[in-house]
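Results of the structural survey
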Amino acid sequence: MINLLKIELKKIITNKTFWVLTGLYVLLLGLVFFGVQSVINEISTNASKTSPISIPKVSIYNFPDIWQNLIYLAGFFKIFLAVVVIIFITNEFSFKTIRQNIINGMSRFDFLLSKLQFLFLLSFGATLFIIIIGLILGFINSSNISLTIIFSKFVFIFAYFLEVFSFLTFALLIGFLVKKSGLAIGLLLLYNYIIEPIIVYKLPDGIDEYMPLRAISNLIDVPNTALMQLVGVNFRDYIAFTDVAVCIGYTALFTFLIYLILKKRDI
Amino acid sequence: MSEVVLSLNKLSKHFGRIKAVDELSLEVEKGNVFGILGPNGSGKTTTLGIILGVINPDSGYFQWFGKTPTKYERKKVGSIIESPIFYPYLSAVRNLKIIADIKGIPYNDIDRVLNIVDLIERKNSKFKTYSLGMKQRLAIAAALLGNPQALIFDEPTNGLDPQGIAEIRELILTVASEGITILLASHLLDEVQKTCTHVAILEKGRKLSSGKVEDVLNEYGTVEISSENLEELYVTINNCDIVKSVVRQGDKLSVKLDKKASSADLNNFLFNKGIVLSHLTIRKKTLEKYFLELLNE
């Protein structure tokens, strides 16, 4: 196991594309995290001018709500990491190095394991990034700081890890299926932004939530800000067990499908 | 009975309607330099793909070292396939480290193999900056990593200049002399003749013939001879029981020998009859022609 991780690390550690893309992800998400408050302030100030009732000031950086707030935002950027995954898996096909890895003595299952470890590492990194930013912003902006409060909604962190990992296994599956980076990235974007939303729109309520990508993003609902409550909408501020189960189910299914592809196909 | 390194039993593989490998059975013994000879599309690379675990056979089975193959058997085999495959953005050393990790070999073997192929000076350069010759040498280094028990070469001299070809052939002979079993796929009769001890001839995935190189190729070989008195030679040789047929070609005789006989046997026979040959060559061109004829049947 450790050996496979060692191999995987050697493949990425000096790769420029990997560092540029993950660097961009960190930079972009960092900017969003630090900048989103002023955008919200701007909007609410403008709205107050025209609104008959006064709109309350919303702070999204307060412990413990900050976790759900940041994680919800981060959910929109996980596609970046999916692109990294697709580039790395399709590279193995276009360089034919997957073939060479197996000729050299990896089993096909080993190869799958090594890629899952890569996804695990990437998801872990993304989660760690949220924790660090969350702690920094939380400490700066919260008036009420105690360990209980900070960690009271920490379950969102675990949910976020699952969200990213599930999404990345989906990307990995697409990479294994089409093998060409451009095509795979195109397909991922198309499915994520167009095909699945259309299916979800057509399907009756209740069933549509079980479409894979929808189910994965459903893990973490829209944060319940005072603003939202004012409009009268109430979102879930907890993680539902069924969502977690569905998400894990999909991850297992994607992994199994990749295993089947690897086993049946000539490499 | 010598130890069997690799055995193939009625292996078959088709791609669509094309039968790439058709009930192929082979046995490679320890220390053999085994050539798989056949034109392009005769199933050589597919066969190698199967025994290296990247192509699933439709039917039949194969064994490495007498065992049903797993990744552990593949770790003991080095291979050089048509084009060298490495991570282009990694240095030679990093590429070899990945292979060493996969095979479970200590890193200190890396410098040894890089020295053999004379790439030690460029070991930290990225693979994509290498010339074709260097890439091929790195592939050899990778194959030699960890002292494999068997080596597989697929068209090893493809695209190389004469010097490179000579180097590769010398390397094959050196490695073979150390007792490492070698499997070599080639479409060049000459290459198989120069390097192999055993050969199997493939056509459309089927085995046409196999055995020791001299046996198999003699079957189709001719010897060209001449002497001072061609008439006398012609008469004498027609009474020799190792000769299958004689054709007169100008001032020479083209002689087809029996399967089991060699040109030395012929020379011996004539010498005992008191005839000294002024000329004796094994017609490689003719062999090549026979090879092509064989494939055209």
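Read on for an overview of the structure. These figures come from a predicted structure and were not determined experimentally. (Residues numbered from 1 in each chain as written. Chains lettered and ligands numbered in written order. Predicted model: local features only at pLDDT ≥ 70, side-chain atom pairs only at ≥ 80, totals over all residues. Heavy atoms only, no water.)

Considerations on the sheet that holds strand E10 (residues 222-227) of chain B
All names here are of chain B. The sheet built from four strands is open, its strands ordered E11-E12-E10-E13 with antiparallel pairing. Edge positions in the open sheet fall to strand E11 (243-249) and strand E13 (277-282), since each of these has one partner strand only. With strand direction ignored, the average angle separating the axes of adjacent strands in the sheet is 25 degrees. In the packing of helix H10 (residues 263-272) onto the sheet, contacts are made with E10, E11, strand E12 (252-257) and E13, and the angle to E13 comes to roughly 165 degrees. (Pairing = 2+ DSSP bridges. Helix = DSSP H or I, 4+ residues; strand = E, 2+ residues; numbered from the N terminus. Axes fitted to C-alpha atoms, helices over the stretch in contact; angles between N-to-C directions. Contact = heavy atoms within 4.5 Å.)

Thoughts on the pairing of E11(B)
Residues and elements named next belong to chain B. Bridge count between E11 and E12: six bridges; the pairing is antiparallel. Within the sheet, the bridge partner assigned to Val 246 lies in E12 and is Val 255. Once E11 ends, the chain turns through two residues before running back antiparallel as E12, passing Gly 250 with a positive phi of about 65 degrees.

A short note on the sheet that holds strand E8 (residues 198-203) of chain B
All names here are of chain B. Ordered by their spatial adjacency, six strands build an open sheet running E5-E6-E7-E3-E8-E9, and the pairing between neighbours is mixed. At either margin of the open sheet sits one strand with a lone partner, and together these are strand E5 (77-80) and strand E9 (206-212). Averaged over neighbouring strand pairs, the angle between their axes works out to 15 degrees when direction is ignored. Where strand E6 (residues 150-154) lies against strand E7 (residues 181-186), five bridges are found, and the strand directions are parallel. By the bridge assignment, Ala 150 is partnered in E7 with Thr 181. This element, helix H5 (residues 132-144), spans E5 and E6 of the sheet and lies at about 170 degrees to E5. Where helix H6 (residues 162-177) meets the sheet, its contacts fall on strand E3 (33-37), E6 and E7, and the angle it forms with E7 comes to roughly 155 degrees.

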